[in-house]
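What follows is each chain in one-letter form.
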Amino acid sequence: MEVRLEPAPARAQLVPSAYPASAVWAYNGQVPGPTLRLRQGDRLRVMVRNALSEGTTVHWHGVRVPNAMDGVPLITQPSIEPGGGFTYEFTVPDAGTFFYHPHQRSYEQMGRGLAGALIIEEREPPKVDRDLVWVLGDWRLDRDASIRGGFGNFMDVSHNGRVGNTVTINGRVREEFAVRAGERVRLRLINAAAARVFALEFRGHRPWVIALDGQPVEPHEPEGGAVVLGPAMRADLILDMTAAPGTRHAVHDRFYRQLEYKLVDVAYSQEPPLRARPEEPVRLAANPLAEPALAKAERHEVVFTGGMMGNMRGMRRGMAWALNGASGGCGESASAFDPLFVLRRGQSYVVKLVNDTTWHHPIHLHGLAFRVLNRNGRATRHREWLDTVLLDPRETAEIAFVADNPGDWMFHCHVLEHQAGGMMACIRIT
Ligand code: C2O
Ligand code: CU
C-alpha cells in the first residue's frame, strides 16, 4: 500500500456546528488523519511531505518496524524540515490496532491534531457485522473553539499533563453512535490524547476485550467494568448490541473522580434484531512474537521519579521527571546520548518498572511488544502483550520480552508533557 501524508495547518469542526471550526494541524487536512488499513504481512510505503512551519517526523506506534523507520528525530532519522520529505517503508509483522503520530515536539503537534489510525487486518479476520475505529482525542479549547496555547507549560509538565476540556471521537464531539439491535461490532479504541486517561463504561452492554495494544488477549470482560486506556493505548472490543430496538444507552468515561461525563449514547434503530443472541466471543490468532525465556532472562530495573509533590531535584533545569535519576536521555536536542541499557540481541529480559511518583504514567517502549508479568508482585491474569503499560501511582510492574529488534529504541512516558519534562530514555539492542 502506498500513501502520501502531508501534515499541515487546516480547519476542523471539532465541536457542534453552533461553534466555529478550529484551526488545527492535520494529516491530509483530516482530524484524525486518514485511517491506513492494510493486511498483515503487507508492505506500507508512506511519502511524507512536511507543510508545517516546523520540523516533524512520523512514528508508527506499536508496529515492530526496522529501527530506521521508527520516526524518532536525531536517533533514527533527521527531522523532516518544513518543505522537506521522507519516505517510510516497511512490512507490518503483526495484525492489530496501531496508530501513527509525530515524534517531534509531540506534546504540541499531537495536541493540535496530528494522529491517525493504522489498522492491520488479520489474514482471516473474525466475523463481525462492522469493524469500527474510534480515535479518542482530547482538546483544550477556548470558548470560540480555538485551541488554547501554552503547550508544554511547567504546570502541565509537572502535574498530570495537558488534560483538555473537549473529548472527540474521530475528530468530533458526538451525540450518538447509531447501531442496530443484534449486530456484533468490533470496536477498535485508540487513545490519541496527549495526557487524558479514559475508563469507558458501556452501560447496558457487556463488551469483550479481545486485543490490547494490537496484540490478541484471552477474551475477557474489562476488569471493574470499564475499559481503561492511558495515552497511546488501544483496545479491540467485541460489542454485541444486545439491548432493545429504539433504546439508548450511555457510554461514560469515569476515570477522573468527580469528573465523570457521558462520552456518547449508543442509539438503537427501530429495526428488528439482526440475530437473537450473541455468538461466542471471538478469539484472535496470536501474532509472531518471540516468547521470553523467563528462567534465563537477565533483569533490569527502572525507577521513575519526579513530579509535583515528588522529589524536586532536577527541576531547576526545567526537568520535572527522571528515570533512574537521569532526565531526558535521547531528548530531541541532545545529539549525544547514553542509552539507559544496552541489551543483547536475542536475549530475554525482565524489566521491573517502579513508579515512585504519585501520578499515572503510560510507559511505552518502541520497536517491541512486552508481556506484563505482574503488578505490585501479583501475577497478571492474562500476561498481556502491550507496547504501553499504564502504571498507577506507586505501582510496580514487571515486563518481559526478547530483545529481537536491533537499534536504539525510545522508552518514555506517553503523557507527552512528562516525556518533554525528562521522562524518556533509550534502550539499545545490539
Ligand atoms: Cu507513541 Cu514514542 O511514541
Ligand atoms: Cu508520565
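Residues numbered from 1 in each chain as written. Chains lettered and ligands numbered in written order. Predicted model: local features only at pLDDT ≥ 70, side-chain atom pairs only at ≥ 80, totals over all residues. Heavy atoms only, no water.

> Can you help me understand the coordination of the copper ion (ligand 2) in this one?
Put simply, a metal with four donors set out as a tetrahedron has ideal angles of 109.5 degrees, and one with six donors set out as an octahedron has ideal angles of 90 or 180 degrees. Looking at the metal site, the copper ion (ligand 2) is ligated by His 361 (ND1), Cys 413 (SG) and His 418 (ND1), spaced 2.0 to 2.1 Å from it. The sequence motif formed by the donor residues of the copper ion (ligand 2) is H-x51-C-x4-H. Of the two residues, Cys 413 and His 418, both sit in the buried class. (Donors = N, O, S within 2.8 Å, 3.2 Å for Na, K, Ca; no water. Buried < 20%, exposed > 50% of the residue type's maximum accessible area, 1.4 Å probe, protein only.)

> Honestly, the environment of Glu 260 in this entry has me stumped. Any pointers?
Mapped onto the secondary structure, Glu 260 falls in the loop between strand E19 (248-253) and strand E20 (261-268). Excluding its chain neighbours within four sequence positions, the residues that come into contact with Glu 260 are Arg 203, His 252, Asp 253 and Arg 254. Within polar-contact distance, the side chain of Glu 260 engages the side chain of Arg 203 at 2.9 Å. (Helix = DSSP H or I, 4+ residues; strand = E, 2+ residues; numbered from the N terminus. Contact = heavy atoms within 4.5 Å. Polar contact = N/O pair within 3.5 Å; in protein donor to acceptor, adjacent residues only side chain to side chain.)

> What should I look at first to understand the packing of aromatic side chains in this one?
The geometry of an aromatic ring pair is captured by the separation of the ring centres together with the interplanar angle, meaning the angle of the planes. If you walk through the whole model with that rule in mind, you get ten aromatic pairs. Taken together, Tyr 27, Trp 60, Phe 86, Tyr 88, Phe 90 and Tyr 100 form an aromatic cluster joined through their ring pairs. Sitting above the plane of the Trp 25 ring, Arg 112 keeps its charged end 5.2 Å from the centroid. Over the ring of Phe 151 we find Arg 162; its NZ or CZ atom is 3.7 Å from the centre of that ring. (Phe/Tyr/Trp six-rings, centres within 6.5 Å; stacked < 30°, edge-to-face > 60°. Lys NZ or Arg CZ within 6 Å of the ring centre and 35° of its normal.)

> How should unusual backbone geometry be read in this particular structure?
Negative phi values dominate among residues other than glycine, just as trans dominates among peptide bonds. The residue after Val 31, namely Pro 32, is reached through a cis peptide bond having omega -10°. Checked against the element boundaries, Pro 32 lands in the loop between strand E3 (22-27) and strand E4 (33-39). A positive phi is found at Asn 28, a non-glycine position, where the angle reads about 55°. Along the chain, Asn 28 turns up in the loop between E3 and E4. Of note, Leu 74 is a non-glycine position whose phi angle comes to about 75°, a positive value. Relative to the helices and strands, Leu 74 is located in the loop between strand E6 (59-61) and strand E7 (85-91).

> Just checking my understanding: could you explain the pattern of salt bridges for this structure?
Oppositely charged side chains are able to pair whenever their charged atoms sit close together. All chains considered together, the criterion is met by 40 salt bridges. Linking Asp 142 and Arg 148 is a salt bridge whose minimum nitrogen-to-oxygen distance equals 2.8 Å. Given a relative accessible area of 35%, Arg 148 falls into the partly exposed group. When the shortest N-O distance is used, the salt bridge between Glu 218 and Arg 283 registers 2.8 Å. Taken together, the positions of Glu 218 in strand E16 (residues 215-220) and Arg 283 in the loop between E20 and strand E21 (298-306) put the pair 65 residues apart, joining distant regions of the chain. Its relative accessible area of 44% is what places Glu 218 among the partly exposed residues. Salt bridges linked by common partners bring Arg 37, Arg 39, Glu 121, Glu 122, Asp 131, Arg 186, Arg 188 and Asp 236 together as one network. (Salt bridge = Lys/Arg side-chain N within 4 Å of Asp/Glu carboxyl O.)

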